[in-house]
Amino acid sequence: MRQLIVFIALVLMLGWNSAANAQVNVINGTQKRVALVIGVGAYENVQPLLNPRNDATAMAAALTRLGFDVLEVIDPTFDALRSAELDFVDRLLDADVAVFYYAGHSIQLENANFLIPIDASLSTTVEFKKQTFELARLANRMDRLSKTKILVLDACRDNPFLEQLQVAAENEGVNLQTGRGLASIGSIVDDADLNVAEFNTYGTIVSYAAAPGRVALDGTGGDNSPYTQALLERIEEPGLEVGKLFRQVAADVIGTTNGAQKPEYLVKLSDDFYFKNPEPHRCDHLAADPLNNVNVPGVEFDLIDTKAAIPACRAALDASPNHARFSHNLARALDASGQYEASIPHYKIAADQGYIHAINNLGVMYLNGQGVEQDFVVGTALLNQARARGNLQSRVNLQGTDFSVLFKKAEFKQVQQRLAEYGVYNGKIDGDFGQKSQAALSAYSAQNGLVDNGLTLEVLDRLQLLEVIPNYSLN
């Protein structure tokens with residue numbers, strides 16, 4: 001992680017990991033991991049499902065082995081489901097990782113997803129919300145109370161309740177928008193929850209056993225559904241990053257069902273997450289960022305032993321080419337040794353794979369012109385990308401530096417002109433950025449929900465004035 005600082009002497013220095021951001025590492029040993037696992041198969045008013053009990057029991061056991069405090073609920077009534085929700089919410093507070101797993105029937109109504117307990121009848125539309133459990137409510141609570149949120153829904157089975165509810169609606173003269181399978185992922189996860197979650201290594205994962213609007217299989221001839229079976233076979237593999245985990249599970253399900261079932265998933269995390277952490281390499285011990293998921297303390301940027309770290313990380317990459325974390329570690333070590341140009345390809349490899357710290361660091365390299373041609377537009381775009389994935393340091397870099405220390409009258413005139421165009425400044429366009437101009441800038445920041453800290457990258461980006469920042473050199 002690199003931090004951008006502007007000194008009054010008009011010299012920008014890229015530096016070190018802020019001590020304030022050297023938080024407790026997110027590792028298995030110190031994480032608070034909680035899970036709610038629900039399996040519903042013994043339906044009282046429709047044909048029972050064979051596998052949800054087995055699916056939930058096996059998933060609960062796997063998550064327990066992976067260090068989760070698991071609340072397992074099998075064949076709940078509506079009241080039992082609500083009680084389990086309250087119990088789970090109590091456990092969510094300050095959770096580093098929260099998992100919700102559901103196997104059973106669900107129904108899509110008005111583009112929202114509802115889970116169905118064993119005692120539901122759905123014989124009238126009035127009974128619907130009194131007998132079903134809205135998934136979005138629980139997802140929102142998970143989002144507010146925990147850091148990494150993982151929702152796994154093996155709940156797209158062919159649903160006898162659907163036709164029953166449609167008949168009831170027709171008899172009552174009620175127009176209901178129902179659908180097969182589950183509604184889209186966006187129906188349970190708001191974009192606002194995904195884009196700027198001001199955490200360092202956290203985010204959201206949603207996985208459907210089948211694509212929205214499609215039906216999953218309950219499984220024939222086995223103890224588990226095809227989706228849960230594939231997930232169980234992968235979830236305890238050490239060092240399998242969660243994005244790759246769900247990609248492989250999807251591929252496994254497509255293969256075993258001959259393309260009849262195609263899982264869908266969304267992974268929006270600010271860093272690697274592993275259900276079971278990888279064994280750290282010597283490269284990690286010597287050059288990993290202090291915020292990491294591989295059970296090592298990490299190393300502050302200015303404390304990297306570059307003579308030891310560079311060969312160790314090259315060796316790690318020889319064994320695992322294009323590995324995102326090793327590429328980032330090597331880039332950090334090269335960067336710390338002053339080999340900026342050599343660090344860039346490795347930062348890019350990690351950034352292209354979504355490695356959050358590499359995206360931030362690469363952005364700062366562009367801003368400072370270290371190893372690449374100085375480019376404030378590209379650098380800021382990378383910081384925005386890192387921030388959108390939840391990286392706190394990128395937010396600091398976007399909001400913490402007032403670039404006005406570099407400006408002269410020509411640049412200030414362009415700022416005044418733009419503020420006038422937005423209706424917050426009515427003074428002279430003369431480059432004299434005095435109290436009236438500063439008040440206009442503060443008003444603009446307030447109107448747009450921006451931090452009032454002068455002409456920061458965030459403000460200049462919103463004003464579309466990044467290109468007026470004068471080039472500077474760290475030499």
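See the structure shown above.
Here we summarise the structure given alongside this text.

A look at the pattern of salt bridges
- A complete count under the given rule lists twelve salt bridges for this structure.
- Across the salt bridge formed by aspartate 75 and arginine 53, the nearest N and O atoms sit 3.2 Å from each other. Placement of aspartate 75 in the loop between strand E4 (69-74) and helix H2 (78-92) and of arginine 53 in helix H1 (residues 52-65) is noted, with a sequence separation of 22 residues between them.
- Residue class for arginine 53 comes out partly exposed when judged on its relative accessible area of 46%.
- Of the charged contacts, one joins arginine 82 and glutamate 85 as a salt bridge, the two residues approaching to 3.3 Å between their closest N and O atoms. Of this pair, arginine 82 and glutamate 85 both sit in helix H2, three residues apart, which is roughly one turn of the helix.
- A relative accessible area of 32% means that arginine 82 is categorised as partly exposed.

Description of the sheet that holds strand E12 (residues 264-269)
- Spatial strand order, E4-E3-E5-E9-E11-E12: six strands in an open sheet with mixed pairing. Only two strands of the sheet have a single partner each, and these edge strands are E4 and E12. Across the sheet, the mean angle separating the axes of adjacent strands is 10° when strand polarity is ignored.
- Contacting strand E3 (33-39), E4, strand E5 (95-103) and strand E9 (146-154), H1 crosses the sheet at an angle of about 170° to E4.
- Together, E3, E5, E9 and strand E11 (203-208) form the strand contacts of helix H4 (residues 135-145), whose direction differs from that of E9 by roughly 155°.

Focus: helix H10 (residues 306-319)
- Here H10 contains 14 residues, and its C-alpha end-to-end distance of 20 Å stays within 8% of the 20 Å for a straight helix at 1.5 Å per residue.
- Burial in H10 covers these residues: Thr306, Ala308, Ala309, Ile310, Ala312, Cys313, Ala316 and Leu317.
- Of the surrounding secondary structure, the elements contacted by the buried residues of H10 are helix H9 (282-287), helix H11 (324-336) and helix H12 (340-352).

Focus on the environment of tyrosine 366
- With respect to the helices, strands and loops of the structure, tyrosine 366 is situated in helix H13 (residues 356-368).
- For tyrosine 366, a relative accessible area of 14% gives the class buried.
- Put simply, tyrosine 366 and leucine 382 are 16 residues apart on the chain and 9.0 Å apart in space, counted from C-alpha to C-alpha.
- Non-local contacts of tyrosine 366, meaning those with residues more than four positions away in its chain, are made with Lys348, Val372, Glu373, Gln374, Asp375, Val378, Gly379 and Leu382.

Brief notes about the nonpolar core
- Residues Leu36, Ile38, Phe88, Phe100, Tyr102 and Met142 are the most contacted members of the largest nonpolar core, which totals 38 residues.
- Examining the composition of this core, we find that five residues originate from one element, H2, more than from any other.
- Setting aside chain neighbours within four positions, we find tyrosine 102 in contact with Ile38, Val40, Tyr43, Leu115, Ile116, Val152, Leu153, Asp154 and Ala155.
- Core analysis: the second largest hydrophobic core is formed by 32 residues, Ala56, Leu63, Val99 and Val242 among them.

The rules we used
- Residues numbered from 1 in each chain as written.
- Predicted model: local features only at pLDDT ≥ 70, side-chain atom pairs only at ≥ 80, totals over all residues.
- Heavy atoms only, no water.
- Salt bridge = Lys/Arg side-chain N within 4 Å of Asp/Glu carboxyl O.
- Helix = DSSP H or I, 4+ residues; strand = E, 2+ residues; numbered from the N terminus.
- Buried < 20%, exposed > 50% of the residue type's maximum accessible area, 1.4 Å probe, protein only.
- Pairing = 2+ DSSP bridges.
- Axes fitted to C-alpha atoms, helices over the stretch in contact; angles between N-to-C directions.
- Contact = heavy atoms within 4.5 Å.
- Expected span 1.5 Å × (residues − 1).
- Core = buried A, V, L, I, M, F, W, Y, C linked by side-chain atoms within 4.5 Å.

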